[in-house]
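Commentary on secondary and tertiary structure
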Amino acid sequence: MADTSLENDGQGMIVNPKPTADNQDWDGDDADRADRLRFEEEQAMIREQSEARAAKAAAEAKKAADAKKEASA
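None of these values were measured; they are calculated from a predicted model. (Residues numbered from 1 in each chain as written. Predicted model: local features only at pLDDT ≥ 70, side-chain atom pairs only at ≥ 80, totals over all residues. Heavy atoms only, no water.)

Concerning the overall build of the protein chain
Put simply, the test is: Numbering of helices and strands starts at the N terminus; helices are DSSP runs of H or I of at least 4 residues and strands are runs of E of at least 2. The rule is simple: take the accessible area with a 1.4 Å probe, protein chains only, and divide by the maximum for that residue type; under 20% is buried, over 50% is exposed, in between is partly exposed. Computed with the Shrake-Rupley method and a 1.4 Å probe, the accessible areas treat only the protein chains shown as cover for residues.
Helix and strand counts for the protein chain stand at 1 helix and 0 strands. Of all 73 residues assigned to the protein chain, the portion counted as buried reaches 1%. If you sum the accessible surface of the protein chain, you get close to 7,200 Å²; carbon and sulfur atoms cover 54% of it.

Here is the structure:
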């Protein structure tokens, strides 16, 4: 029979390594860096789309205001 131990041998646990004194620029693994890059690219795309939508709305509002001004003149 095998001895059963109540000690946790680390199986099934998630271990997140921390930076050591000689490796302060620890940045995770390649997947972490890829996720971060993908997130930054998505944020930039969202910002660009938002700015384009705001510029389009401003142009349409100006056009409508100009048309109203000409109609009342």
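There is more to say, and it comes next.
Side note on the pattern of salt bridges
To keep it simple, the criterion reads: The rule for a salt bridge is simple: a side-chain nitrogen of Lys or Arg has to be within 4 Å of a carboxyl oxygen of Asp or Glu.
The tally for this structure, following the rule as stated, stands at 3 salt bridges. When the shortest N-O distance is used, the salt bridge between Arg33 and Asp30 registers 2.6 Å. Of the two residues, Arg33 and Asp30 both sit in helix H1 (residues 30-72), 3 residues apart, roughly one turn of that helix. By relative accessible area, Asp30 is classed as exposed at 58%. The partner of Lys62 in a salt bridge is Asp66, and the shortest N-O contact between them spans 3.1 Å. Of this pair, Lys62 and Asp66 are both found in helix H1, 4 residues apart, which corresponds to roughly one turn of the helix.

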